[in-house]
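Residues per chain, in single letters:
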Amino acid sequence: MSIVAEQLDQRLRQLDPQTAARVERMVREILAITAPIASSKGAPAAHSSAPLSSLAGYAEPMGAMTNEEIDRAVYGG
């Protein structure tokens, strides 16, 4: 296990259950957005050296928005 994984595990054990669940959810989201994207043939695409900032389009598919703009997009108005 890497030192980061060990530190994360130790910290999760020290946190209250609600905070630990939030941290775990964030880590799982990071793992999901950094997973290799499958090619059209179902095999993972080749790893690129693009920085994580290039993944912003997946995290923010509508681009950067203010909270007010997000509320209008979600709830209408």
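### Some thoughts on the overall build of the protein
Here is step 1 of the chain: Each helix and strand counted, the protein has 4 helices and 0 strands in total.
Here is step 2 of the chain: Reading the secondary structure of the protein in the N-to-C direction produces α-α-α-α.
Here is step 3 of the chain: The proportion of buried residues among the 77 residues of the protein is 3%.
Here is step 4 of the chain: Surface summary for the protein: the accessible area is close to 6,800 Å², and the carbon and sulfur share equals 58%.

### A closer look at the confidence of the model for the protein
Here is step 1 of the chain: When the pLDDT values of the protein are averaged, the result is 76; 62% of them are 70 or greater.
Here is step 2 of the chain: At the level of individual helices and strands, the protein shows its lowest average pLDDT in helix 3 (residues 56–59), which scores 63, and its highest in helix 1 (residues 3–14), which scores 92.

### Remarks on a nonpolar patch on the surface
Here is step 1 of the chain: Judged by side-chain polarity, I70, V74 and Y75 come together as a nonpolar surface patch covering roughly 340 Å² of accessible area.
Here is step 2 of the chain: Secondary-structure assignment places I70 in helix 4 (residues 67–75).

### Things to note about the environment of L8
Here is step 1 of the chain: Take L8: it is sitting in helix 1.
Here is step 2 of the chain: The residues contacting L8, other than those within four sequence positions of it, are V23 and V27.

Thresholds, definitions, all that
- Residues numbered from 1 in each chain as written.
- Predicted model: local features only at pLDDT ≥ 70, side-chain atom pairs only at ≥ 80, totals over all residues.
- Heavy atoms only, no water.
- Helix = DSSP H or I, 4+ residues; strand = E, 2+ residues; numbered from the N terminus.
- Buried < 20%, exposed > 50% of the residue type's maximum accessible area, 1.4 Å probe, protein only.
- Areas by Shrake-Rupley, 256 points an atom, 1.4 Å probe, with all protein chains shown as cover.
- pLDDT = per-residue confidence, 0-100.
- Patch = residues over 30% accessible without salt bridge, like charges linked within 9 Å, V, L, I, M, F, W, Y side chains within 5 Å.
- Salt bridge = Lys/Arg side-chain N within 4 Å of Asp/Glu carboxyl O.
- Contact = heavy atoms within 4.5 Å.

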